[in-house]
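Coordinate inspection notes
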Amino acid sequence: MVARAYCGLLGLVIASTVAAGAQEPGPFPPPKAEPPIVTPGRRDADPPSDAIVLFNGRDLGHWRSANGGPAAWTVKDGYAEVTAGAGDIVTSEKFGDVQLHIEWATPAAVKGEGQERGNSGVFLMERYEVQVLDSYENKTYYHGQAGSVYKQYAPLVNASRKPGEWQAYDIVFHAPRFDEQGKVIDRARVTVFHNGVLIQNNVEIYGLTYNDRPALYIAHDPQASLRLQDHGNPVRYRNIWIRRL
Ligand code: MG
């Protein structure tokens, strides 16, 4: 009796809500499986139990040069440093939708201006760049500063630490989907936290960034490598881990 009265009331509430122009509620299907147990790291920056550790400070075994051959960046004191001219490095493993944690530091000795100061980049699926740059008291175009989706979205705020200090990106990436003809039917999306601060809020990526024409999508495999950029500046990386979503 009580239940029936409740249902009646609920029906009335739904009916009046729909009448007011609101959307009908979803079907709320019950989840099919119990969420897996994951043991978090001791600190939030530590890899949880289901992460793939791509760089733990000791070697670049998960990486190779984008030009072929082993990754030729310098590894010492727990970090990997861009060796100018060695080229970008890419993971051997390929990924689609991911959560990524990556720490980086631009050179303590400040050199250059704008895009020439501490430039590197985290390329999701080898293509979509979250910019790495020394953006501490260093002006450049807004959609080219640290944490920008390069030439597409400026970060919501500038959460940069000083040059030489370690910084972190926590990235949630949704890979683009293409139809059989290669047309994008679901664009890539990215959320970025810079040093714990939200700077990209689920933005829709427009495709590949070009310097001389608008961004566009070119169809690619559902999984691709993570790529780190050699922009000629000795930027350092450490503690890189990734989770497949
Ligand atoms: Mg860059």
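Shown above is the structure to which this text applies.
Parameters and conventions
Residues numbered from 1 in each chain as written. Predicted model: local features only at pLDDT ≥ 70, side-chain atom pairs only at ≥ 80, totals over all residues. Heavy atoms only, no water. Salt bridge = Lys/Arg side-chain N within 4 Å of Asp/Glu carboxyl O. Helix = DSSP H or I, 4+ residues; strand = E, 2+ residues; numbered from the N terminus. Buried < 20%, exposed > 50% of the residue type's maximum accessible area, 1.4 Å probe, protein only. Pairing = 2+ DSSP bridges. Patch = residues over 30% accessible without salt bridge, like charges linked within 9 Å, V, L, I, M, F, W, Y side chains within 5 Å. Areas by Shrake-Rupley, 256 points an atom, 1.4 Å probe, with all protein chains shown as cover. Donors = N, O, S within 2.8 Å, 3.2 Å for Na, K, Ca; no water. 1 Å grid on protein atoms, 1.4 Å probe; cavity = no way out; pocket = protein on both sides within 12 Å on 5 of 7 lines; lining within 4 Å. Points joined across faces, edges and corners; volume = space filled by probe spheres on them.

Thoughts on the pattern of salt bridges
Any two side chains of opposite charge can pair if their charged atoms end up close together. Following the criterion strictly, the structure yields eleven salt bridges and no others. Residues D88 and R227 are paired through a salt bridge, measuring 2.3 Å at the closest nitrogen-oxygen approach. With D88 in the loop between β4 (79-81) and β5 (89-91) and R227 in strand β14 (residues 227-228), this pair connects stretches of sequence that are 139 residues apart. The residues D88 and R227 share a single accessibility class, namely buried. Across the pair E93 and R244 runs a salt bridge whose closest N-O atoms are separated by 3.0 Å. Placement of the pair is E93 in the loop between β5 and β6 (98-105) and R244 in strand β15 (residues 236-244), with a sequence separation of 151 residues. Overall, E93 belongs to the partly exposed group, its relative accessible area being 31%. A residue is classified by how much of its surface remains accessible, and R244, at 39% relative accessible area, is partly exposed.

Comments concerning the sheet that holds strand β2 (residues 63-65)
Across the sheet, which stays open at both edges, the five strands sit in the order β2-β5-β14-β7-β8 with antiparallel pairing between neighbours. Of all the strands in the sheet, the pair left with one neighbour each is β2 and β8 (128-132).

Quick notes on a nonpolar patch on the surface
Among the surface-exposed residues, L156, V157 and V197 lie close enough to one another that they form a single nonpolar patch of about 240 Å² accessible area. For V197, a relative accessible area of 34% gives the class partly exposed.

Quick notes on the coordination of the magnesium ion
Donor atoms from the polypeptide that coordinate the magnesium ion comprise N119 (OD1), S120 (O), E129 (OE), Q131 (OE1) and Q229 (OE1), at 2.2 to 2.4 Å from the metal. Each donor residue of the magnesium ion lies on one chain, and together they are spaced N-S-x8-E-x1-Q-x97-Q. With a gap of twelve residues between them, N119 in the loop between β6 and β7 (120-124) and Q131 in strand β8 connect regions that are remote in the sequence. The burial state of N119 is the same as that of Q131; both residues are buried.

Thoughts on the pairing of β8
With five of five residues buried, β8 lies mostly within the body of the structure. Neither face of β8 is exposed, since Y128, V130 and V132 on one face and E129 and Q131 on the opposite face are all buried. As defined by bridge partners, β7 adjoins β8 across five bridges and the pair is classed as antiparallel. Bridged to S120 within β8 is V132. Turn length for the β7-β8 hairpin, with the two strands adjacent in sequence and antiparallel, is three residues, and the turn residue M125 shows positive phi of about 55 degrees.

Focus: empty space enclosed by the protein
Scanning the model with the defined rule gives one cavity of 30 Å³ or more in all. What the largest cavity holds in volume is close to 50 Å³. In this structure, the largest cavity is lined by F95, G96, V98, L124, M125, F173, A224, S225, L226 and I242.

As for unusual backbone geometry
Even without being glycine, E126 reaches a positive phi, approximately 70 degrees. Within the element layout of this structure, E126 appears in the loop between β7 and β8. Given the relative accessible area of 27%, E126 is considered partly exposed. Here N202, not a glycine, exhibits a phi torsion of approximately 55 degrees, which is positive. With respect to the helices and strands, N202 occurs in strand β13 (residues 197-204).

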